[in-house]
Amino acid sequence: DVKVTQSSRYLVKRTGEKVFLECVQDMDHENMFWYRQDPGLGLRLIYFSYDVKMKEKGDIPEGYSVSREKKERFSLILESASTNQTSMYLCASSSDRVNNQPQHFGDGTRLSIL
Amino acid sequence: QKEVEQDPGPLSVPEGAIVSLNCTYSNSAFQYFMWYRQYSRKGPELLMYTYSSGNKEDGRFTAQVDKSSKYISLFIRDSQPSDSATYLCSYGYNFNKFYFGSGTKLNVKP
C-alpha cells in the first residue's frame, strides 16, 4: 500500500513565522502535490513537483514555496505566515508521468495561524 | 461553469440501504476518474479509480462512468455506519491535472 506521511497532524503558529510542512512518500513516486482544503472551496492546488528539484505553481501559490531535494520528500514553506493561511494542508503523490495514475493522500496537517 | 459539480448533501440513509453518489463534469479531456472517501479530520482515501466508461466493482462499491454524458456515480451496497464520511469525486488528465468535486457528506444511521 502507498503510504504518504505528513509530519504533523496539528500545528499552531504565529503570524509572521516561517512554517515548514513536511511530507514523505514510501513508494518511489515521481509526482508530489500540496493542496489546501477549506470548507466551501474544496481542494486547491498550491504546488506540485514532477521530479527532484523540479516544481510548478498550482492555482494558489502566493505566500508559499516548496522544496524537493529528495524524491521521497516534498516540503511546503509558508514564508511569513498569515491568518488567511489557516487551513487543512494535504500532501499527495502519484507514480509517474507516463501512465496516468491516481493520487494518494496523506492524513493532512491542520494548521492554525494566530 | 465549474469543472466538476457534486451535490454537497448531506445525505442520510438507514443502515443496509443502497447509496448513490453522483458527479457531473464539463471537460471532455478528462481521462481517468476517482472516488475518494474522507473521514472527519483525515485525508482523502482512494476508493476506486477507472479509465473507461462502464462499471467497476470492488466489494460493496461500484463506480460507474458515462463519458458520453460526462457523469460518474458511486454506488454503495449494504451501507454501514462506518461508511459515514464525505465522498469526493475526482477527474484527471495527463499526469498532473486533477479536479475535485466539493464532496458529498454521507450519514448512515444504525
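Residues numbered from 1 in each chain as written. Chains lettered and ligands numbered in written order. Predicted model: local features only at pLDDT ≥ 70, side-chain atom pairs only at ≥ 80, totals over all residues. Heavy atoms only, no water.

Draft legend 1. Looking closely at the sheet that holds strand β7 (residues 64–70) of chain A. Residues and elements named next belong to chain A. On the basis of which strands lie adjacent, the open sheet formed by four strands has the order β1-β3-β8-β7 and antiparallel pairing. Whereas interior strands pair on both sides, the edge strands pair on one side only; in this sheet they are β1 (4–6) and β7. Each neighbouring strand pair of the sheet contributes to a mean axis angle of 20°, computed without reference to strand direction. Bridging between β7 and strand β8 (residues 73–78) involves five bridges; their strand directions are antiparallel. Directly across from Val-66, in β8, lies its bridge partner Leu-76. (Pairing = 2+ DSSP bridges. Helix = DSSP H or I, 4+ residues; strand = E, 2+ residues; numbered from the N terminus. Axes fitted to C-alpha atoms, helices over the stretch in contact; angles between N-to-C directions.)

Draft legend 2. The state of the cysteines, seen in detail. All names here are of chain B. Applying the stated rule across the entire model yields two disulfides over all chains. Between the sulfur atoms of Cys-23 and its disulfide mate Cys-89 the distance is 2.0 Å. For the disulfide bridge between Cys-23 and Cys-89, the dihedral angle about the S-S bond is near -95°, and by the sign convention the bridge is left-handed. You can see Cys-23 sitting in strand β3 (residues 19–25) and its partner Cys-89 sitting in strand β9 (residues 85–93), a full 66 residues away along the chain. As far as the burial class goes, Cys-23 and Cys-89 line up, both buried. (Disulfide = S-S within 2.5 Å. Buried < 20%, exposed > 50% of the residue type's maximum accessible area, 1.4 Å probe, protein only.)

Draft legend 3. Fine view of the environment of Arg-14 of chain A. Residues and elements named next belong to chain A. Position of Arg-14 among the secondary structure elements: in the loop between β2 (10–13) and β3 (19–25). Placed 57 residues apart in sequence, Arg-14 and Lys-71 show a C-alpha to C-alpha distance of 30 Å. Leave out the neighbours within four places in its chain, and Arg-14 touches Ala-81, Ile-113 and Leu-114. (Contact = heavy atoms within 4.5 Å.)

Draft legend 4. Structural context of the sheet that holds β3 of chain B. All names here are of chain B. Within the open sheet, the five strands sit side by side as β1-β3-β8-β7-β6. Their pairing is antiparallel. Because the sheet does not close on itself, it has two edges, and the strands there are β1 (4–6) and β6 (54–58). Averaged over neighbouring strand pairs, the angle between their axes works out to 20° when direction is ignored. Alignment of strand β7 (residues 61–66) against strand β8 (residues 71–76), held across six bridges, turns out to be antiparallel. In the sheet register, Phe-61 faces β8, and the bridge partner there is Ile-76.

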